[in-house]
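Results of the structural survey
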Amino acid sequence: MMNSLLGVAFKDVRSTGTIDNVSVTILSTDDGTHFHNLACNVTPGKDQTPD
């Protein structure tokens, strides 16, 4: 779903691999039609470094 919003062709959707079930992906749009990726497959606790 997210790859289709980012304009990835259906035949290439799996080319970027899968995401973790507990991960967060953030997309941004200015017009509700064209999206860009701000963060992909970020797993809270796993991808964060302690302060």
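Below, the structure is looked at part by part. (Residues numbered from 1 in each chain as written. Predicted model: local features only at pLDDT ≥ 70, side-chain atom pairs only at ≥ 80, totals over all residues. Heavy atoms only, no water.)

**Comments concerning the overall build of the protein**
Per the secondary structure count, the protein includes one helix and two strands. Ordered by position from N to C terminus, the α and β elements of the protein give α-β-β. Residues classed as buried in the protein amount to 10% of the 51 residues present. Look at the contacts in the protein between residues 6 or more apart in sequence, and 14% of them connect residues 24 or more apart. Surface summary for the protein: the accessible area is close to 4400 Å², and the carbon and sulfur share equals 55%. (Helix = DSSP H or I, 4+ residues; strand = E, 2+ residues; numbered from the N terminus. Buried < 20%, exposed > 50% of the residue type's maximum accessible area, 1.4 Å probe, protein only. Contact = heavy atoms within 4.5 Å. Areas by Shrake-Rupley, 256 points an atom, 1.4 Å probe, with all protein chains shown as cover.)

**Thoughts on the pairing of strand E1 (residues 24-29)**
Across five bridges, the pairing between E1 and strand E2 (residues 35-42) is antiparallel. What sits directly across from Leu 27, in E2, is Asn 37. Between the end of E1 and the start of E2, which pair antiparallel, lie five residues, with Gly 32 showing a positive phi angle near 75°. (Pairing = 2+ DSSP bridges.)

**Digging into a nonpolar patch on the surface**
Nonpolar side chains collect at one region of the surface, where Val 24, Ile 26, Leu 38 and Val 42 lie side by side and expose about 310 Å² of accessible area between them. For the nonpolar patch, the elements supplying multiple residues, two or more each, are E1 and E2. (Patch = residues over 30% accessible without salt bridge, like charges linked within 9 Å, V, L, I, M, F, W, Y side chains within 5 Å. Salt bridge = Lys/Arg side-chain N within 4 Å of Asp/Glu carboxyl O.)

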